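Residue-level listing of the chains:
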Amino acid sequence: MNKEIWKHPKQESSLDEAEVPLWFWNAKLEKGELIRQLELQTEVGVKATNPHARTENGAGYSGGYLDEEWFSHMKTVLDYKKKHGEKMWLYDEIDWPAGTCNKTITENEKYREQYITIDKIPVPAGVPFRLQLRTFEGAGMFGMTPDTDYSAIPLNIHILDKETGKPFPLSDSFLYGIFGPELEFKSNRDAEAYVTHIHVDAYEYGGDESVNYLDKNATDAFLRSTYEKYYEQMGQDFGSTVTTVFNDETRMCNAIPWCREFPEVFRKRHGYDIRQELYRIILPGTENGRIRVDYYDTVAYLYQTRYFKRIHSWCEKHNLKFFAHLLAEETLFGHVRYSGDYMRQNRYQDIVGADYLGKGIGSLNLKFTSAAAHSYGKKMTAVEIFAGCGWDLTFDEYTRMITFAFQQGMQTIINHGFFYSTEGERANDWPPSEFFQWKYWNRQSDGNNMIRRLQYAMSGGINEADVIAYLPTETLQMHCIPDQNFTHAFSHGPFLRDDRAVHVDREIQLLFQSMLSANIDFELLHRDAIGNFAVRDGKITNITNGQRFSVLLLPMCEVLPLGMAKLAEAFAAEGGRVVLVDDIPSLGTDKNEDKEICRIMGDLSDTGSIFVCSSEDKNQILKILNDSIPHPVVITRGVSGTVNQHPSYPAYLIDPYMHTGEDLTGVQFVRYLKDGMRNTLFMNYGSNPETIEVRVQTKGEIPEIWDTLTGEARKAEVVTREEYAYVIRMQLPCNHGVFIVSSC
């Protein structure tokens, strides 16, 4: 790294998008005031901005959207940015979530989210039960006769024996009249009927902001109504002044989302008609769970390809980068409930995004997001941060949160937000504003310098971690029984109702947090990215970016894709260490894979190539990991880890997750490789400065200490010198990070 850039980071234009605030347009806009606020941003080094209209139910932005008035304001920003050689992003919506074009797309019912409800009705023995028969899609049964082959017609009802769970053949209970077959069921055994319905919410009652993200036609309507208009007005500056599109907080609103092409896509992926089996996803048990895995896989695939891929393709064609962040990134439960599979939704983002609400620190959501980015070889990440921190947010808390975000793999800070106005209720819109209204605005230039230095040191290379863990999304999917009584926006949402799901969701958080607390960094593998990894020279290697791993961790993987099992087998064959937690995988993502999964795991067990640990014994797991990985940087004296005050969330969904009250104490470090150097970022999360000694492997000169806030860079104090290492002593301040910079 260049010390002049480190000392004067504002002079380096490649770092101008290290900080890109959401600029809240929340009042009637005036050209003179827009220019004044742009000048204020330039003065402190914030040279990229992202205008974001906030209507606040009529109390905020007042003006047109995507009309002549709107684009006159955008032209004011664009002209300023072009004149000053600065950048801007486009927020692709008014308010949020994205995809509605100010709630006009959803005026068309066919673009609103479709979803399924499944009613369970007790049918006592000996009591006649009637229900109006319809097809799964809700069509009538007119013209059908006793000669009709009903096995090929998905119906809206299934009746099961209450004790055995065995389905009754319904056609035996059909009565025929002028309207076709009618159901009158009676049994000498207790039974349960399951009735499915397809719904679309009324526009006035939630449908206005519930886009069907599984429907490519809804996405195309969004592109036509919003993206094409921006291209018409500003397209000549795409890729130069206008660099990126910001897509905000999309999600599946309802627990069992659906779309018109779902059955066809599902059959192509899984080989059977989901309409005949869908009712089973609310039932417990392994066989029903396997249908859940297939269902959530299809939700995730459609969300990824019908929404994100189509927007990314448009952006790529028009020379724009695409950024998005989703909802409920914090837990596996949230990943499955709102995205089907959160990790794979990041494949088609250029800048992989996260959201972080509240001033606490310690959540895993930023780690999940950066790991997803790295699994696809993405070169940049970003986090929307500081919403809900309150007006009492201090500058020390501000720099502390920024450093935590970078340690978790974020590389760009998106301030939420810079308020155009704080008049009246505007001041209460998820404050604070980190703009000129903030009492620490006089330190914002220092903060911008720090953000630039962090991005400079931690971009353009790779995160150096020694452990690669498979994220057991499919196991959670298998046991995640959808709760149909909740949509979104609640502090106390639906419980996980399956004990196994509760265990997996909780223990994966506790395991990953214990690793981070012990300064054992890791990356995550998932189903959609397995093809990006291979075994090379005894290491699992990410072939998209060159990351190399010494240990494979398979935690709570009751279900494991066959491709992942084969990767484990190849790794073990070259002497790699494979660590299993709780489960030896026995199920594939397809039943046809089960036998081969069992063979591979049996062979690995027989040859002693795997270690099986209990999730309850985190110390054993940490010892095995520590004994199996290299330690090019290690704290030898002083505080050598962190304590997380809030290592896991309860077994119910929260929307949104607020991090206020979460905290870390102690010392954490992460390593980043760039241009033949190892940049190790240390952060003291305690309330007092700490002195530590660190052993640094290097064949080069004495390591240096580079301060992210002050810009100071100096030789480290050497305690002892070894042949290929130095032991150095360093002082760690509170609330901002310092790097040890050493040659690899």
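Overview of the structure. (Residues numbered from 1 in each chain as written. Predicted model: local features only at pLDDT ≥ 70, side-chain atom pairs only at ≥ 80, totals over all residues. Heavy atoms only, no water.)

## A short note on the overall build of the protein chain
So, step 1. The secondary structure content of the protein chain amounts to 15 helices and 34 strands.
So, step 2. A compact globule built from 744 residues should have a C-alpha radius of gyration of about 27 Å, and the protein chain, at 28 Å, falls within 12% of that.
So, step 3. Seen through its C-alpha atoms, the protein chain measures out along the principal axes to roughly 90 × 70 × 40 Å.
So, step 4. A buried classification covers 63% of the 744 residues belonging to the protein chain.
So, step 5. Sequence separation of at least 24 residues holds for 80% of the intrachain contacts in the protein chain that already meet a minimum separation of 6.
So, step 6. Within the structure as shown, the protein chain displays about 27400 Å² of accessible surface, and the carbon and sulfur contribution to it stands at 47%.
So, step 7. A gap of 4 Å separates the mean positions of the 77 positive and 104 negative side-chain charges of the protein chain. (Helix = DSSP H or I, 4+ residues; strand = E, 2+ residues; numbered from the N terminus. Rg over C-alpha atoms; globule rule 2.2 N^0.38 Å. Buried < 20%, exposed > 50% of the residue type's maximum accessible area, 1.4 Å probe, protein only. Contact = heavy atoms within 4.5 Å. Areas by Shrake-Rupley, 256 points an atom, 1.4 Å probe, with all protein chains shown as cover. Lys, Arg positive; Asp, Glu negative; His and termini not counted. Charge placed at Lys NZ, Arg CZ, Asp CG, Glu CD.)

## Some words on a nonpolar patch on the surface
So, step 1. Nonpolar side chains collect at one region of the surface, where W96, W430 and M658 lie side by side and expose about 250 Å² of accessible area between them.
So, step 2. For W96, the position within the fold is in the loop between β3 (87-91) and β4 (114-123). (Patch = residues over 30% accessible without salt bridge, like charges linked within 9 Å, V, L, I, M, F, W, Y side chains within 5 Å. Salt bridge = Lys/Arg side-chain N within 4 Å of Asp/Glu carboxyl O.)

## Concerning the pairing of strand β15 (residues 413-419)
So, step 1. Where burial is concerned, most of β15 is hidden: seven out of the seven residues are buried.
So, step 2. Relative to β15, strand β1 (residues 22-25) runs parallel, the two sharing three bridges. Counted as the bridge partner of L22 is H416 from β15.
So, step 3. Traced from strand β14 (residues 380-387) through helix α9 (residues 395-407) to β15, the parallel crossover comes out right-handed. (Pairing = 2+ DSSP bridges. Right-handed = clockwise from strand over helix to strand, strands pointing away.)

## Considering the pairing of strand β22 (residues 551-555)
So, step 1. Within β22, five of the five residues are buried, which leaves it mostly tucked inside the rest of the structure.
So, step 2. As defined by bridge partners, strand β17 (residues 467-470) adjoins β22 across three bridges and the pair is classed as parallel. Across the sheet, residue V467 finds its bridge partner in β22, namely V551.
So, step 3. For β22 and strand β23 (residues 577-581), the ladder comprises five bridges, and the chain directions are parallel. Its bridge partner lying in β23, P555 is registered against V581.
So, step 4. Crossover β22 to β23 through helix α13 (residues 562-573) is right-handed.

## Regarding the sheet that holds strand β32 (residues 717-722)
Pairing between sheet strands relies on hydrogen bonds along the backbone, with the strands arranged either parallel or antiparallel.
So, step 1. Reading across from one edge, β25-β29-β33-β32 is the order of the four strands in this open sheet, with antiparallel pairing throughout. For this open sheet the edge positions go to β25 (633-637) and β32, each flanked by a neighbour on one side alone. The sheet shows a mean angle of 30° between the axes of neighbouring strands, taken without regard to direction.
So, step 2. When strand β29 (residues 690-697) meets strand β33 (residues 725-732), the two strands line up antiparallel, connected through eight bridges. Pairing of I692 across the sheet is with M730, part of β33. (Axes fitted to C-alpha atoms, helices over the stretch in contact; angles between N-to-C directions.)

## Observations regarding helix α6 (residues 286-317)
So, step 1. Its 32 residues give α6 an end-to-end C-alpha distance of 44 Å, which sits within 8% of 46 Å, the value for a rise of 1.5 Å per residue.
So, step 2. Along its length, α6 shows its largest kink, about 35°, at K309.
So, step 3. Of all 32 residues making up α6, 24 are buried, and the element is well covered by its neighbours.
So, step 4. Immediately beyond the C-terminal end of α6, within one or two residues, lies N319, with a positive phi of roughly 65°. (Expected span 1.5 Å × (residues − 1). Bend = angle between axes of the 7 residues up to and from the residue.)

## Some words on the nonpolar core
So, step 1. In terms of nonpolar packing, the biggest core is built from 125 residues, with W70, M234, F262, F512 and M515 touching the most fellow members.
So, step 2. Take this core: its biggest share by element is 11 residues, from α6.
So, step 3. Setting aside its immediate chain neighbours within four residues, F262 contacts L214, P257, I274, Y295, T298, V299 and L302.
So, step 4. Grouped together as the second largest cluster of nonpolar side chains are 39 residues, Y356, V383, L709 and V741 included. (Core = buried A, V, L, I, M, F, W, Y, C linked by side-chain atoms within 4.5 Å.)

## Some words on the side chain of S210
So, step 1. Counting through the fold element by element, S210 comes out in the loop between β9 (191-200) and α4 (216-234).
So, step 2. On the accessibility criterion, S210 (3% relative accessible area) is buried.
So, step 3. There is a polar contact of 2.9 Å between the side chain of S210 and the backbone oxygen of G206.
So, step 4. If sequence neighbours within four positions are ignored, S210 has contacts with T106, Y111, R112, E113 and C253. (Polar contact = N/O pair within 3.5 Å; in protein donor to acceptor, adjacent residues only side chain to side chain.)

## Here we look at the sheet that holds strand β18 (residues 522-525)
So, step 1. Spatial strand order, β18-β17-β22-β23-β24: five strands in an open sheet with parallel pairing. Here the strands that pair on one side only, and so sit at the sheet edges, are β18 and β24 (610-613). Direction aside, neighbouring strands of the sheet carry axes that sit 25° apart on average.
So, step 2. In the packing of α13 onto the sheet, contacts are made with β17, β18, β22 and β23, and the angle to β22 comes to roughly 145°.

## Thoughts on the packing of helix α5 (residues 262-270) against α6
So, step 1. Where α5 contacts α6, the two axes come as close as 10 Å, and the packing angle between them is 115°. Considering the angle they form, α5 stands roughly perpendicular to α6. Of the two possible hands of crossing, α5 and α6 adopt the one that is right-handed. Seen from α5, the contacting residues are F262, V265, F266, R269 and H270; seen from α6, they are D294, Y295, D297, T298, V299, Y301, L302 and R306.
So, step 2. Of the residues in the contact of α5 with α6, the class split is seven nonpolar, two polar and four charged. (Parallel < 35°, antiparallel > 145°, perpendicular 65-115°, else oblique. Left-handed = near helix turned anticlockwise from the far one by under 90°. Nonpolar A, V, L, I, M, F, W, Y, C, P; charged D, E, K, R; others polar.)

## Details of unusual backbone geometry
So, step 1. With an omega dihedral of 15°, the bond running from P431 to P432 counts as a cis peptide bond.
So, step 2. Put simply, D655 and P656 share a cis peptide bond, and its omega is 0°.
So, step 3. Note on placement: P656 falls in the loop between β26 (642-644) and β27 (664-674).
So, step 4. Unusually for a residue other than glycine, W430 sits at a positive phi of about 50°.
So, step 5. For W430, the location among the structural elements is in the loop between β15 and α10 (444-457).
So, step 6. At M556, a residue that is not glycine, the phi angle is positive and equals roughly 55°.
So, step 7. Tracing the chain through its elements places M556 in the loop between β22 and α13.
So, step 8. With relative accessibility at 0%, the residue M556 sits in the buried group.

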